[in-house]
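Okay, here's what each chain looks like letter by letter:
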Amino acid sequence: MSPTQSSSTPLNSQEASLLETYERFKSLNLNLDITRGKPCSDQLDLSVELDGILAGNYTSQQGIDCRNYGGLDGLSEAREIGAWLLDAPTDEIIVGSNSSLTFMYQYISQAHHHGLEGDGSAWNTLEGGVRFICPSPGYDRHFSICEHLGIEMVAVDMIGNGPDMDQVEALIKNDPSIRGIWCVPKYSNPTGDIYSDETIQRIANLGKITASDFRIFWDNAYSVHDLTDQPATIADIRQLSLAAGTENNLVQFASTSKITFAGAGISFLSSTKSNLKTFTDHLGFRSIGPDKINQLRHARFFEQESQLKSHMKKHAAIIQPKFTRVLELLDSELGDQTGASWTRPAGGYFISFNTKPGLAREVVKLCAEAGVKLTPAGASFPYGKDPQDCNIRLAPTLPTIDELDQAIRVFIACVKLATARPAD
Ligand SMILES: Cc1ncc(COP(=O)(O)O)c(C=O)c1O
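Since this is a predicted model, take the numbers as computed values, not measurements.

A.B. asks: Can you explain the overall build of the protein chain? Please cite residues and give values.
C.D. replies: On a plain count of helices and strands, the protein chain comes out with 13 helices and 12 strands. Here the C-alpha radius of gyration of the protein chain, 23 Å, is about what a compact globule of 424 residues would show, namely 22 Å. Overall, the C-alpha framework of the protein chain stretches about 75 × 55 × 35 Å when taken along its three principal axes. Expressed as a percentage of its 424 residues, the buried residues of the protein chain come to 54%. Within the protein chain, counting contacts between residues at least 6 apart in sequence, those at least 24 apart form 75% of the total. Approximately 18200 Å² of the protein chain is accessible, and the part contributed by carbon and sulfur atoms is 47%. Within the protein chain, one finds 37 positive and 51 negative side-chain charges whose respective centroids are separated by 2 Å.

This is the structure:
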């Protein structure tokens, strides 16, 4: 039923008043979009010095002319940036072009089609198929990679300090076809979870109970994206894996997409030297080398880690007030009246909102009809199916604070209306 359609049951006065508010918003013909976690222009402006920073000097520290072909592993000075983000030595890091997602896709695609352990190890030859553990809600594009490659996804719950490790371990013990798990360990997309030390230790131990070509996809996309002055620190998965003898099961990813330019950053992949060799052997068929000029630009822009840290504080100064505005509105307008709940992230790009079960799709639909675009309900779950139909991902960074204010007021009106309506 459309929100304006008359119902055969008379509206109660509360519903009528909520409907009136909603119709008022609708009449404004808004066109607002809080779907994706994109940096806003003010954030992008923080890195405009990248443009022109080389001033005609294209030679790397090691004397490489960056205008030419080659350098599949990346420039050593660019690997330094990866080392700051991923807490790994530079000789265990390779640098790619923009988008760490490309590295993730390439790694899985290689494992799936060619294998990680030589002839006969391709995942797609496993009898009965391959499965991945997908902590949910999670990052929709991780799940799309699995779906695209025909890798079956098994959801496990995110429980506030990372995935439910009891579920993860039980699945692995009972299912030899599991070959991977997605992890966003700091300020997870969308829940904002920061993995606890115990969770990380248990993840580091997984290699002891899995197939040898099982991989932990440690996507540390938000490792320096703190919103407060007391940045969270997480346990060092690489050190824990080395201590457990499971280091070959770990592949880490990061990028500067949300540090410099989302569309023109540099990306990093880190793993053991033997894993990197297997990966770059295949990468060599696809590319003669990444964009080293952009790597050099980034290395000149961030010569010291302290510059990166102060740069990230400037990001926080721009986006933290947006998160605060959303939370203030949710707290004051929704409180605990609607049975909804939401996260209060200390970093990252999202607020994860849960309606009462069964209402998320309706809320997203009502918002769309009032000109506010939200990420489709269910997007944060494998196959786009939220079993409770309750989760909605809010992305506050892109709009201006006034646009955001308006979008969230509409969102709140939709949550209230959907909650007040009797179930069909
Ligand atoms: C968890 C996570 N990983 C990766 C990405 C994309 O990273 P990149 O731009 O490096 O491909 C995002 C973007 O939203 C993300 O949330």
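A.B. asks: Provide a residue-level description of the packing of aromatic side chains, including the pertinent values.
C.D. replies: Applying the stated criterion across every chain, the model contains 13 aromatic pairs. Geometrically, the ring pair formed by Trp-342 and Phe-353 is stacked, given 5.7 Å between the ring centres and 5° between the ring planes. Of the two residues, Trp-342 is situated in strand S9 (residues 341-342) and Phe-353 in strand S10 (residues 351-354); the sequence distance between them amounts to 11 residues. Its relative accessible area of 15% is what places Trp-342 among the buried residues. Look at Phe-353 and you get buried, because its relative accessible area is 0%. Among the aromatic residues, those joined into a cluster by ring pairs are Phe-103, Tyr-107, Trp-123, Phe-132, Trp-182, Phe-217, Phe-253 and Phe-279.

A.B. asks: I'd like to hear about the environment of Ala-155, residue by residue, with values.
C.D. replies: In this structure, Ala-155 sits in strand S4 (residues 152-157). Residues Ala-155 and Val-168, 13 residues apart in the sequence, show an inter-C-alpha distance of 9.4 Å. Those residues within four positions of Ala-155 in sequence are excluded, and the remaining contacts are Cys-134, Ser-136, Gln-167 and Pro-382.

A.B. asks: Let's hear about the pairing of strand S7 (residues 250-255): which residues, and what values?
C.D. replies: Summarising burial for S7: 6 of the 6 residues are buried, a large majority. Pairing of strand S6 (residues 215-219) with S7, which is carried by 4 bridges, proceeds in the parallel orientation. Bridging across to S7, Ile-216 finds its partner in Leu-250. The parallel pair S6 and S7 is bridged by helix H8 (residues 237-244), and the resulting crossover is right-handed. Note: S7 against strand S8 (residues 267-270), 4 bridges, orientation antiparallel.

A.B. asks: Any chance you could break down the environment of Leu-359 for me, citing the residues and the numbers?
C.D. replies: With respect to the helices and strands, the residue Leu-359 is situated in the loop between S10 and helix H12 (360-369). Residue Leu-359 is classed as buried on the basis of its relative accessible area, which comes to 14%. In contact with Leu-359, not counting residues within four places along its chain, are Asp-389, Ala-418 and Thr-419.

A.B. asks: Mind laying out the domain arrangement of the protein chain, listing which residues take part and the relevant values?
C.D. replies: Splitting the protein chain by domain gives domain 1 (13-43 + 308-420) and domain 2 (54-303). Summarising the inter-unit geometry, the C-alpha centres of domain 1 and domain 2 are found 29 Å apart. Contact with domain 1, which involves 27 residues of that partner, is made by 32 residues of domain 2. For the pair domain 1 and domain 2, the summed buried area comes to about 2600 Å², and 67% of that belongs to carbon and sulfur atoms. Run the count over domain 1 and domain 2 and you get 2 salt bridges. Asp-140 is paired through a salt bridge with Arg-36; the nearest N and O atoms lie 3.0 Å apart. Our count for the domain 1 to domain 2 interface comes out at 9 residue pairs in polar contact (both at pLDDT 80 or more). Among the elements of the structure, helix H11 (305-333), S10 and strand S12 (391-394) are those that each provide at least two residues to the side of domain 1 that touches domain 2.

Reading the values: rules and limits
- Residues numbered from 1 in each chain as written.
- Predicted model: local features only at pLDDT ≥ 70, side-chain atom pairs only at ≥ 80, totals over all residues.
- Heavy atoms only, no water.
- Helix = DSSP H or I, 4+ residues; strand = E, 2+ residues; numbered from the N terminus.
- Rg over C-alpha atoms; globule rule 2.2 N^0.38 Å.
- Buried < 20%, exposed > 50% of the residue type's maximum accessible area, 1.4 Å probe, protein only.
- Contact = heavy atoms within 4.5 Å.
- Areas by Shrake-Rupley, 256 points an atom, 1.4 Å probe, with all protein chains shown as cover.
- Lys, Arg positive; Asp, Glu negative; His and termini not counted.
- Charge placed at Lys NZ, Arg CZ, Asp CG, Glu CD.
- Phe/Tyr/Trp six-rings, centres within 6.5 Å; stacked < 30°, edge-to-face > 60°.
- Pairing = 2+ DSSP bridges.
- Right-handed = clockwise from strand over helix to strand, strands pointing away.
- Domains from an automatic or database assignment.
- Buried area = accessible area lost by both parts, 1.4 Å probe.
- Salt bridge = Lys/Arg side-chain N within 4 Å of Asp/Glu carboxyl O.
- Polar contact = N/O pair within 3.5 Å; in protein donor to acceptor, adjacent residues only side chain to side chain.

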